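Structure at a glance
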Amino acid sequence: RIYRTLGSFYKRLHSIKGERSGLWDEENPMEVKYPISPNDYMFNAEITNGSGKMAYDKGLVTEAQYDEIIKLWTDNMEYLKNHEPSMVHISAFYWNIYLEEKPEWEITKILSLGDVMWWDTAYDIATLKYPPFGEYDHSLWNAFLETYGKEPDEKRILLYSIMHKLCAAMGGYMEPEKYRNKGDKSNLSKDLNEIISRLKRL
């Protein structure tokens with residue numbers, strides 16, 4: 001029931017379309033603040049540098065993995081940029097979504113509204129389908145899709161999941177204490193290998 005509620009909420013959020021992907025301009029939210037594509041920005045900020053570089057420097061990912069991730073994103077950059085700009089939450093984590101049962105489940109508020117922007121709905125879907133501090137559950141995800149509808153391409157979702165794995169392992173999400181042990185750094189290399197293998201099969 002909760003996941004059907006989540007599906008309905010994010011369907012409504014993602015149905016709001018923008019003209020171009022990017023951070024909102026404070027004066028006019030339909031305009032974007034900076035000319036850079038969010039895909040280019042996040043690739044540089046988190047894949048080649050930021051969490052990706054930090055994980056490599058700390059020996060949590062191998063040089064081969066680091067190079068493979070950069071290549072996957074580079075080879076698919078135009079594919080990722082080819083999306084319809086939609087309103088996305090960016091921070092669709094468990095601790096940012098508040099629900100109440102009255103008597104049906106309702107989302108009463110979401111936090112981290114400063115992260116809401118125009119971008120690719122697959123970024124939110126990657127967070128919800130493969131939660132950085134949780135596990136994928138087939139039956140719960142099917143309940144989500146009952147109300148959300150068709151999900152984006154799995155290839156797109158997995159490319160964003162790489163970023164989520166890196167950011168979660170390197171402390172980029174400022175998660176509450178109770179979730180920290182679920183972003184286990186020791187599993188990062190194994191988890192990334194699984195995602196990379198799946199992407200190569202698509």
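Structure: above.
Read on for an overview of the structure.

The rules behind the values
- Residues numbered from 1 in each chain as written.
- Predicted model: local features only at pLDDT ≥ 70, side-chain atom pairs only at ≥ 80, totals over all residues.
- Heavy atoms only, no water.
- Helix = DSSP H or I, 4+ residues; strand = E, 2+ residues; numbered from the N terminus.
- Buried < 20%, exposed > 50% of the residue type's maximum accessible area, 1.4 Å probe, protein only.
- Areas by Shrake-Rupley, 256 points an atom, 1.4 Å probe, with all protein chains shown as cover.
- Lys, Arg positive; Asp, Glu negative; His and termini not counted.
- Charge placed at Lys NZ, Arg CZ, Asp CG, Glu CD.
- Pairing = 2+ DSSP bridges.
- Axes fitted to C-alpha atoms, helices over the stretch in contact; angles between N-to-C directions.
- Parallel < 35°, antiparallel > 145°, perpendicular 65-115°, else oblique.
- Contact = heavy atoms within 4.5 Å.
- Patch = residues over 30% accessible without salt bridge, like charges linked within 9 Å, V, L, I, M, F, W, Y side chains within 5 Å.
- Salt bridge = Lys/Arg side-chain N within 4 Å of Asp/Glu carboxyl O.
- Core = buried A, V, L, I, M, F, W, Y, C linked by side-chain atoms within 4.5 Å.
- Left-handed = near helix turned anticlockwise from the far one by under 90°.
- Nonpolar A, V, L, I, M, F, W, Y, C, P; charged D, E, K, R; others polar.
- Expected span 1.5 Å × (residues − 1).

**Describing the overall build of the chain**
- A count of helical and extended segments in the chain gives 9 helices and 4 strands.
- Its helices and strands in sequence order give the chain the pattern α-α-α-α-α-β-β-β-β-α-α-α-α, from N to C terminus.
- Along the three orthogonal principal directions, the C-alpha set of the chain runs to about 50 × 35 × 35 Å.
- Residues counted as buried form 48% of the 202 residues belonging to the chain.
- For the chain, the exposed area adds up to about 10,600 Å²; of that, 51% sits on carbon and sulfur atoms.
- Once the 26 positive and 32 negative side-chain charges of the chain are each reduced to a mean point, those two points are 3 Å apart.

**Things to note about the pairing of strand S3 (residues 105–110)**
- The sheet contact formed by strand S2 (residues 97–101) and S3 spans 5 bridges and is antiparallel. Bridged to Leu99 within S3 is Ile107.
- The hairpin turn running from S2 into S3, its antiparallel successor, is 3 residues long.

**Some thoughts on the packing of helix H6 (residues 121–129) against helix H8 (residues 154–169)**
- Contact pair H6 / H8: the axes reach a minimum separation of 8 Å and the direction vectors enclose 70°. Classed by the angle they form, the pair H6 and H8 counts as roughly perpendicular. Contact residues: H6 offers Ala122, Tyr123, Ile125, Ala126, Thr127 and Lys129, while H8 offers Glu154, Arg156, Ile157, Tyr160, Ser161, Met163 and His164.

**Description of a nonpolar patch on the surface**
- Taken together, the side chains of Leu23, Tyr34, Ile36 and Tyr41 define a hydrophobic patch exposed on the protein surface, amounting to about 390 Å² of accessible area.
- Mapped onto the elements of the fold, Tyr34 is located in the loop between helix H1 (2–14) and helix H2 (38–48).
- Taking relative accessible area as the criterion, Tyr34 reaches 42% and is therefore assigned partly exposed.

**Examining the environment of Ile110**
- Note that Ile110 resides in strand S3.
- Residues contacting Ile110, with those up to four places away along its chain left out, are Phe9, His89 and Asn96.

**Here's the deal with the nonpolar core**
- The biggest cluster of nonpolar side chains holds 61 residues, and the ones touching the most others in it are Tyr10, Ile47, Trp73, Phe144 and Ile162.
- Here this core gets 10 residues from one element, more than from any other, and that element is H8.
- Residues in contact with Trp73, not counting those within four places in the same chain, are Asn39, Phe43, Ile47, Leu80, Leu159, Tyr160 and Met163.

**Concerning the packing of H8 against helix H9 (residues 188–201)**
- Interhelical geometry of H8 versus H9 gives an angle of 170° and a closest axis separation of 10 Å. Overall, the two elements H8 and H9 adopt an arrangement that is roughly antiparallel. Handedness of the H8/H9 crossing: left-handed. Note on element contacts: H9 touches H8 through Leu188, Asp191, Leu192, Ile195, Arg198 and Leu199, opposite Glu154, Lys155, Leu158, Leu159, Ser161, Ile162, Lys165, Leu166 and Ala169.
- Here the residues of the contact of H8 with H9 sort into 9 nonpolar, 1 polar and 5 charged.

**A short note on H1**
- Here H1 is 13 residues long and its end C-alpha atoms lie 18 Å apart, about the 18 Å a rise of 1.5 Å per residue gives.
- The secondary structure elements touched by the buried residues of H1 are strand S1 (86–88), S2, S3, H6 and helix H7 (138–148).

Just geometry here; none of it tells us what the structure is for.
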